[in-house]
Amino acid sequence: MSKKSNSILFILGATAFNILVTLLCIGLLLAVYGYLIMPLLPAESAAWGIPVVFILSIVLSFIIYRAVIKIFTKKVDVEKNFDPLFGRKQPPKKDKE
């Protein structure tokens, strides 16, 4: 496989992973909110939990995604296996002597 196809497959896989992690975070936080927190809140303020759960799940999934990508880049040589999709890498600058 070429570097471009590796890059496209990586982007598709990383996007699918990020969506899956976000959905799992939403489900987990909704369950925690519904079973543990909502019964303790008054009825007037219980509706504020859904937007908070949504925002927290996005933040949590972003943190998880960044951690997984950091581990991935340590294990895989990105320069060797992937090519930028937009633009070209600039050649190293030569020192003038």
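Below is a short write-up of the structure. (Residues numbered from 1 in each chain as written. Predicted model: local features only at pLDDT ≥ 70, side-chain atom pairs only at ≥ 80, totals over all residues. Heavy atoms only, no water.)

1. Focus: the packing of aromatic side chains
Scanning the model with the defined rule gives one aromatic pair in all. Arranged with centres 5.1 Å apart and planes meeting at 15 degrees, the rings of Phe-10 and Phe-72 form a pair that is stacked. Taken together, the residues span a long stretch of sequence, with Phe-10 in helix H1 (residues 3–37) and Phe-72 in helix H2 (residues 49–75) at a distance of 62 residues. Residue Phe-72 is classed as partly exposed on the basis of its relative accessible area of 27%. (Phe/Tyr/Trp six-rings, centres within 6.5 Å; stacked < 30°, edge-to-face > 60°. Helix = DSSP H or I, 4+ residues; strand = E, 2+ residues; numbered from the N terminus. Buried < 20%, exposed > 50% of the residue type's maximum accessible area, 1.4 Å probe, protein only.)

2. With respect to the environment of Leu-30
For Leu-30, the location among the structural elements is in helix H1. As for Leu-30 and Phe-54, which are separated by 24 residues in sequence, their C-alpha atoms are 8.6 Å apart. Leaving out residues up to four positions away in the same chain, Leu-30 has contacts with Ile-50 and Val-53. (Contact = heavy atoms within 4.5 Å.)

3. Considering the side chain of Ser-57
Among the structural elements, Ser-57 can be located in helix H2. Ser-57 has contacts with Thr-22, Cys-25, Ile-26 and Leu-29, leaving out every residue within four places of it along the chain.

4. Digging into H1
Taking 1.5 Å of rise per residue, the 35 residues of H1 would be expected to cover 51 Å, and the 48 Å separating its terminal C-alpha atoms lies within 8% of that figure. All of the buried residues along H1 are Ser-7, Ala-14, Val-21, Thr-22, Cys-25, Ile-26 and Tyr-33. Contacts made by the buried residues of H1 are with H2. (Expected span 1.5 Å × (residues − 1).)

Just geometry here; none of it tells us what the structure is for.
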